[in-house]
Amino acid sequence: MAVKYHIHTKMMASGDHEVHVEGCDWCPPDDQLCCVGKFETSKQAMESAKKIYPDANGCHHCMPEHYHLP
Ligand SMILES: [Zn+2]
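Residues numbered from 1 in each chain as written. Predicted model: local features only at pLDDT ≥ 70, side-chain atom pairs only at ≥ 80, totals over all residues.

A. The arrangement of the environment of His20 in detail. If you trace the backbone, His20 turns up in strand S2 (residues 17–21). When the C-alpha positions of His20 and Asn57 are compared, they lie 9.3 Å apart, and in sequence the two are 37 residues distant. Setting aside residues up to four positions removed in sequence, His20 forms contacts with Tyr5, His6, Trp26, Cys27, Cys59 and Cys62. (Helix = DSSP H or I, 4+ residues; strand = E, 2+ residues; numbered from the N terminus. Contact = placed C-beta atoms within 7 Å.)

So, in structure tokens, the structure goes:
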């Protein structure tokens, strides 16, 4: 099942933009979110997110497999 992903439009203190699965508890408010789209896998979501922000990083909570420390 495809899941919707969002990217945080504000840069984090660590200098990256976090990607979240829709409904994540750590998701920022709607006005700080940009919709990435619906994807079958988080890997596809990260690839698309990086076209919006090349420094996209997975949320440590909802996308731990794509979370990288700076
Ligand atoms: Zn998240």
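B. The nonpolar core, seen in detail. Grouped together as the largest cluster of nonpolar side chains are 11 residues: Tyr5, Ile7, Val19, Val36, Ala45, Met46, Ala49, Ala56, Cys59, Cys62 and Met63. Counting only elements with at least two residues in this core, the list comes to strand S1 (3–8) and helix H1 (42–52). In terms of residues, this core owes the most to one element, H1, which gives three residues. (Core = buried A, V, L, I, M, F, W, Y, C linked by C-beta atoms within 7 Å. Buried ≥ 20, exposed ≤ 12 C-beta atoms within 10 Å, placed from the backbone.)

C. Region of interest: the environment of His61. Summarising the element assignment, His61 is placed in the segment after strand S4 (56–58). Judged by the 14 C-beta atoms lying within 10 Å of it, His61 is partly exposed. A C-alpha to C-alpha distance of 9.5 Å links His61 and Val21, two positions 40 residues apart in sequence. Excluding residues that lie within four positions of it along the chain, His61 makes contacts with Cys24, Asp25 and Trp26.

D. Region of the structure containing the pairing of S1. Note: S1 against strand S3 (residues 33–39), six bridges, orientation antiparallel. Among the inter-strand pairings, His6 is bridged to a residue of S3, identified as Cys35. Bridge count between S1 and S2: three bridges; the pairing is antiparallel. Of the residues in S2, the one forming a bridge with His6 is His20. (Pairing = 2+ DSSP bridges.)

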